[in-house]
Amino acid sequence: MKFMMQDCIMAAGEICTAGSKMLRGFRAPFSAAVFERCESAGMEFAGLIPSDEFGIDGLFDQSDAVDASVTAVLEDKCDAVLCNDVFGKLRRQAASNGLIYIRPVYGTVSRFGLIPAVSSMDQVGVLCRSLEDGLAVLSAISGHDSRDGTSLPQEAYSYNADNTRAVTVGLADHPAVTINQTDHIKTANAELKYFGVMPQVLYILGAAEISNNTTRYDGVKFGFRAEDARGLEDVYLRSRSEGFGQDAKLASVVGCMVLSKEHYEPLYHKSMQIRRLIKEYYDGLLEKFDVIALPANLGGNDKYAQSALYALPLLCGYASVALPHNDSGVQFICKRGNENAMFSLAREVLT
Amino acid sequence: MKYEVVIGLEVHVELATESKLFCSCGAKFGADPNENVCPACAGMPGMLPVANKKAVELGIAAALVTNSRVTPVITFDKKNYFYPDLPTGYQNTQWLAPICRDGYVDIETQAGQKRINLKQIHIEEDAGKLVHSHGVSLADYNRGGVPLVEIVSQPDFRSAEEVIVYLEKLRTLLSFAGVSDCRMQEGSMRCDVNLSVREAGSDILGTRTEMKNMNSLKAIVRAIAFETERHINALETGSEELVQETRRWDDSIGESFAMREKENATDYRYFPNPEIMPIQISEQWIDAVRASLPETAHDKFSRMTKELSVSESDAKIITGSKNLADIFDALTKNGVLAKDAASWIVTELLSMETQENKSSDDIKINTDKFAALILLVNKKEISRTVAKKVFALLYAEDVDPIDYVKQNNLGMVSDAALLDGIVASVLAENPDSVGQYRGGNEKVVGFLMGKIMGKTAGKADPGVVREMLMNGLAAASE
Ligand SMILES: [Zn+2]
């Protein structure tokens, strides 16, 4: 099996820029945990794929250009790409291009060696053509890593789509989501709350963390430095002005604002409280349902509203899988422990 | 008008861990530039912080010795600011849930006992250091990521004396608990002084200024005096308007200076670090740390004076410094009697300290050899005079006392025939002294003893010599 990685995931000795000029020429000093695990599972590394800058290109207005990782799988350059699906673009594009994107539960896959964007949401996932390939890769890369303080203690995971027990599915009230009831698939409409506020919470917290995760790129120690910068302040201002793209700058500005003394309480802290509220609600709902089903696309031009579709696993750390289904594609979401039920449902839908 | 100075302190103390707060790099002082640096503490992307358990335990120990309330679940936060000594552009610190709160330290000044209340203690990482030379700035990240605690007091101090006594007390508490070596010269203990002045008796605080990174007690005393004076002067004459600001103390000039306005306007944009999970501190964990705490200076003093018959003055000196106390323990462990160990430390070792103008914390000696030397004296294998000479060599050049005594033939001379001859010749050479003795002047005994010891190069057993001399003088007087 051949795997590739977005260039926000490090392979020792490879130039790894996370798609940013700010990291121009940065050679990874070590390998990501997921890279080591794929190699030791006998998979063949077929190279890095340019990613959007820190995976956040189109932060507030996702572009429709097909992502290079999606193209790589479509063009058969590899069987799977390890990615960081920061704001949901890869889930959306996978589902609408006949591919599958698997996002594991936060903490089950080590983030050691992943160039961070939004630390509380970043999670290496698998973009693939076949569900079985994807699950083989996911099983290989999952498991505790002492180098990641957020890594869960379980040593290893075995993922498959062979579940035969009954699965209860909570459906979004949307015509694009049509799951047929079978002997062991039971469906019901689920009350999906808070979707209106999710984009705001996602972008406020996301921007705050991006602004902080990009402060290390200052032109002083590694990566890009503006050529004729003179003096410390000039090095900072010129290097960061010339080195970052539009979305990284936007995220920095917004992030700094929401963390400032003046806005911390009404924006950042409030968003954290809402995030907790959302998690409490959906933890409860995912007791009732094994899996929640959402469309993977809404169509139309309101990309901001659409980002609500991808927010739930990001804000709550749930697993999700996006796959082709009807016109819009479908996205399943589950809690830790129900992954194999979710993958079995995905297998059912794909067949 | 009478004025009162109100001072609060933020004391930074580097924790005595083997490794840094969030990576496995060594945390020891004195390595070559950037020797103790890995991708994590150099701020490379892709590295994640893994909290050092030992640092948390030392934080708990700091809480215990300052009577503080340990926080059941602690978290870490990010403090953002751009400066090249900070490779990630943020410092990991504790803002929302520090290791402990509401402690106190009791101090004893001329005026009596006083309680200094603590607001909180938090754990954070140190920054690196910049070296400016020949128009370039070089960054050394050895200290970057080294764990420290910041001990934040309430504004309870009313004089420089209280500040100094408190800092000394804190140093004793923390160094005996193994929390830190608290060496101000090496920067492992430093202090921010927050100061304001108000009319005596008023309960409204005046405008506060802060002097950061003070690392000498003398400088702190001078800085407090200067700043108090400046505030009073401003209040009385209106010569300048006092503003809340950070000031830099220049000890060579003896004045404080306002920092640039920009440095005072920093918004640190604190927020919880999502990469570090909250850490639960159970009662059992606290109990385990309490049980593992070494003897406090106070307990050691009691034990030395009550059980080991060390004099109070010696015990006070030795328990005033963790280093001396460690040397004391090492000597007694090597079989030296407590009383002897104490007196050798206080008389001989500390005279070296005075000669070299060192602090008790800096004095270093090989305690195995030191113990061997004291035991040689006790076993009467060398005289006290010889021992002093050998001690100086042991201290300066680390000579082995047993080998040295053997090689230089300095063993105690108690050969009666040999000593008899020397005593007789000294008596014969000093008939005047013998005459004075006969006339009732006993002081000449010391003089004659000196002569005899001189002839034996200090190697004679003074007890034996004295006896022979007295016998000789008695015979001459008959
Ligand atoms: Zn390190």
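Just so you know, these numbers come straight off a predicted model, no measurement behind them. (Residues numbered from 1 in each chain as written. Chains lettered and ligands numbered in written order. Predicted model: local features only at pLDDT ≥ 70, side-chain atom pairs only at ≥ 80, totals over all residues. Heavy atoms only, no water.)

## Structural notes on the overall build of chain B
Broken down by element type, chain B carries 16 helices and 17 strands. Here the C-alpha atoms of chain B give a radius of gyration of 29 Å, more than 25% beyond the 23 Å that 2.2 N^0.38 yields for 478 residues. In terms of its C-alpha atoms, chain B occupies a principal-axis envelope of roughly 95 × 60 × 55 Å. Burial status across chain B gives 51% buried among its 478 residues. In chain B, 69% of the contacts between residues at least 6 apart in sequence involve partners at least 24 apart. Taken as two groups, the 53 positive and 69 negative side-chain charges of chain B have centres that lie 2 Å from each other. (Helix = DSSP H or I, 4+ residues; strand = E, 2+ residues; numbered from the N terminus. Rg over C-alpha atoms; globule rule 2.2 N^0.38 Å. Buried < 20%, exposed > 50% of the residue type's maximum accessible area, 1.4 Å probe, protein only. Contact = heavy atoms within 4.5 Å. Lys, Arg positive; Asp, Glu negative; His and termini not counted. Charge placed at Lys NZ, Arg CZ, Asp CG, Glu CD.)

## Regarding the interface of chain A and chain B
In this assembly, 41 residues from chain A lie in contact with 32 residues from chain B. Ranking the residues of chain A by area buried against chain B places A:Asn212, A:Thr215 and A:Arg216 at the top, with a combined share of 20%. Scanning the region where chain A abuts chain B turns up zero salt bridges. For the side of chain A that touches chain B, the elements supplying multiple residues, two or more each, are helix 5 (198-213), helix 6 (232-243), helix 7 (246-259) and helix 8 (264-288) of chain A. Across the side of chain A that touches chain B, the residue classes break down as 21 nonpolar, ten polar and ten charged. (Buried area = accessible area lost by both parts, 1.4 Å probe. Salt bridge = Lys/Arg side-chain N within 4 Å of Asp/Glu carboxyl O. Nonpolar A, V, L, I, M, F, W, Y, C, P; charged D, E, K, R; others polar.)

## Thoughts on the sheet that holds strand 16 (residues 271-272) of chain B
Residues and elements named next belong to chain B. Pairing is antiparallel across the open sheet formed by three strands, whose spatial order is 5-4-16. Every interior strand has two partners, whereas the edge strands, strand 5 (90-93) and strand 16, have only one. Alignment of strand 4 (residues 77-80) against strand 16, held across two bridges, turns out to be antiparallel. Residue Asp77 lies in a different strand from strand 16, and its bridge partner there is Pro272. (Pairing = 2+ DSSP bridges.)

## With respect to the nonpolar core
Core analysis: the largest hydrophobic core is formed by 105 residues, its most contacted members being A:Leu82, A:Ile141, A:Leu315 and A:Phe332. With eight residues, the single largest contributor to this core is helix 5 of chain A. Not counting residues within four places of it along the chain, the set of residues in contact with A:Leu315 comprises A:Met121, A:Met198, A:Val201, A:Leu202, A:Leu205, A:Arg275 and A:Ile278. If you look at the next biggest cluster of nonpolar residues, it comprises 60 residues, including B:Phe76, B:Ile116, B:Leu118 and B:Leu174. (Core = buried A, V, L, I, M, F, W, Y, C linked by side-chain atoms within 4.5 Å.)

## Focus on the coordination of the zinc ion
Residue and element names in this part refer to chain B. At this site the zinc ion is bound by Cys23 (SG), Cys25 (SG), Cys38 (SG) and Cys41 (SG), with donor distances of 2.2 to 2.4 Å. Taken together, the four donor atoms coordinating the zinc ion and their angles of 98 to 117° define a geometry best described as tetrahedral. If you list the donors of the zinc ion from N- to C-terminus, the spacing comes out as C-x1-C-x12-C-x2-C. Taken together, the residues span a long stretch of sequence, with Cys25 in the loop between strand 1 (3-14) and helix 1 (53-65) and Cys38 in the loop between strand 1 and helix 1 at a distance of 13 residues. Using a relative accessible area of 9% as the deciding quantity, one classes Cys25 as buried. (Donors = N, O, S within 2.8 Å, 3.2 Å for Na, K, Ca; no water. Tetrahedral: all angles 85-135°; square planar, octahedral: opposite > 155°, others 65-115°.)

## Looking at the packing of aromatic side chains
The final tally for this structure, using the stated rule, is 29 aromatic pairs over all chains. With a centroid separation of 5.3 Å and an interplanar angle of 45°, the aromatic rings of A:Phe26 and A:Phe222 are classed as tilted. Residue A:Phe26 is located in the loop between strand 1 (2-6) and helix 1 (33-40), and its partner A:Phe222 is located in the loop between helix 5 and helix 6; the two are separated by 196 residues in the primary sequence. The residues A:Phe26 and A:Phe222 share a single accessibility class, namely buried. Relative to B:Phe271, the ring of A:Tyr268 lies with its centre 5.8 Å away and its plane at 75°, an arrangement referred to as edge-to-face. Highlighted residues: A:Tyr268 in helix 8 and B:Phe271 in strand 16, drawn from two different chains. The exposure class of B:Phe271 is buried, given its relative accessible area of 0%. Between B:Lys78 and the ring centre of B:Tyr90, over which it is positioned, the NZ or CZ distance is 4.2 Å. The ring centre of B:Tyr104 lies 3.6 Å from the NZ or CZ of B:Arg115, which sits over that ring. (Phe/Tyr/Trp six-rings, centres within 6.5 Å; stacked < 30°, edge-to-face > 60°. Lys NZ or Arg CZ within 6 Å of the ring centre and 35° of its normal.)

## Observations regarding the sheet that holds strand 7 (residues 185-189) of chain A
Residue and element names in this part refer to chain A. Reading across from one edge, 2-1-3-5-4-9-10-8-6-7 is the order of the ten strands in this open sheet, with mixed pairing throughout. This sheet does not close on itself; its edge strands, each paired only once, are strand 2 (44-49) and strand 7. When the angles between neighbouring strand axes are averaged without regard to direction, this sheet yields 25°. Inspection of the sheet shows strand 4 (residues 100-103) paired to strand 5 (residues 124-128) by three bridges, in the antiparallel sense. Looking at the pairing, Ile102 lines up with Val126 of strand 5. Here helix 4 (residues 131-141) sits on the sheet and contacts strand 3 (80-84), strand 4 and strand 5; the angle it forms with strand 5, its principal contact strand, is near 155°. Sheet strands touched by helix 10 (residues 308-316): strand 4, strand 8 (291-295), strand 9 (319-323) and strand 10 (330-334). Its angle to strand 10, the strand with the most contacts, is close to 25°. (Axes fitted to C-alpha atoms, helices over the stretch in contact; angles between N-to-C directions.)

## Remarks on the pattern of salt bridges
Think of it this way: side chains of opposite charge can pair up when their charged atoms draw near. Tallied over the full model, the rule gives 41 salt bridges over all chains. One salt bridge in this structure joins A:Glu242 and A:Arg238, with 3.5 Å as the shortest N-O distance. Of this pair, A:Glu242 and A:Arg238 both sit in helix 6, separated by four residues, roughly a single helical turn. According to the relative accessible area criterion, A:Glu242 is partly exposed, its value standing at 36%. The salt bridge involving B:Glu210 is made with B:Lys212; its shortest N-O contact spans 3.4 Å. We classify B:Glu210 as buried; its relative accessible area is 13%.

## Concerning the side chain of B:Lys79
Residue and element names in this part refer to chain B. Counting through the fold element by element, Lys79 comes out in strand 4. Despite its burial, Lys79 pairs with no opposite charge, the nearest such side chain being Glu124 at 5.6 Å. Once residues lying within four places of it in the same chain are set aside, the contact partners of Lys79 are Gly89, Tyr90, Gln91, Thr93, Tyr268 and Tyr270.

## A word on the pairing of strand 2 of chain A
All names here are of chain A. Examined bridge by bridge, strand 1 and strand 2 share four bridges and lie parallel to one another. Looking at the pairing, Met5 lines up with Leu48 of strand 2. Read as a crossover between parallel neighbours, the route from strand 1 over helix 1 to strand 2 is right-handed. (Right-handed = clockwise from strand over helix to strand, strands pointing away.)

## Quick notes on helix 15 (residues 444-455) of chain B
Residues and elements named next belong to chain B. In a regular helix each residue adds 1.5 Å, so twelve residues correspond to 16 Å; helix 15 covers 17 Å between its end C-alpha atoms and thus fits that length. Among the residues making up helix 15, those that are buried are Val444, Val445, Leu448, Met449, Ile452 and Met453. Following helix 15 by one or two positions, Ala457 has its phi on the positive side, about 55°. (Expected span 1.5 Å × (residues − 1).)

## Considerations on the domain arrangement of chain B
Examined at the domain level, chain B breaks down into domain 1 (3-283), domain 2 (295-407) and domain 3 (416-477). The distance between the C-alpha centroids of domain 1 of chain B and domain 3 of chain B comes to 64 Å. (Domains from an automatic or database assignment.)

## Observations regarding a nonpolar patch on the surface
Together, B:Val131, B:Val136 and B:Leu138 give the surface a local cluster of nonpolar side chains, amounting to about 240 Å² of exposed area. Of the residues examined, B:Leu138 reaches a relative accessible area of 47% and is grouped as partly exposed. (Patch = residues over 30% accessible without salt bridge, like charges linked within 9 Å, V, L, I, M, F, W, Y side chains within 5 Å. Areas by Shrake-Rupley, 256 points an atom, 1.4 Å probe, with all protein chains shown as cover.)

## Some remarks on the packing of helix 2 (residues 160-176) of chain B against helix 3 (residues 217-237) of chain B
Residue and element names in this part refer to chain B. Viewed as axis vectors pointing N to C, helix 2 and helix 3 meet at an angle of 155°, and their least axial separation amounts to 10 Å. The pairing of helix 2 with helix 3 is recorded here as roughly antiparallel in orientation. When you trace helix 2 past helix 3, the crossing you get is right-handed. Residues Ala160, Val163, Ile164, Leu167 and Glu168 of helix 2 pack against Leu217, Ile220, Val221 and Ile224 of helix 3. Among the residues making up the contact of helix 2 with helix 3, the classes are represented as eight nonpolar, no polar and one charged. (Parallel < 35°, antiparallel > 145°, perpendicular 65-115°, else oblique. Left-handed = near helix turned anticlockwise from the far one by under 90°.)

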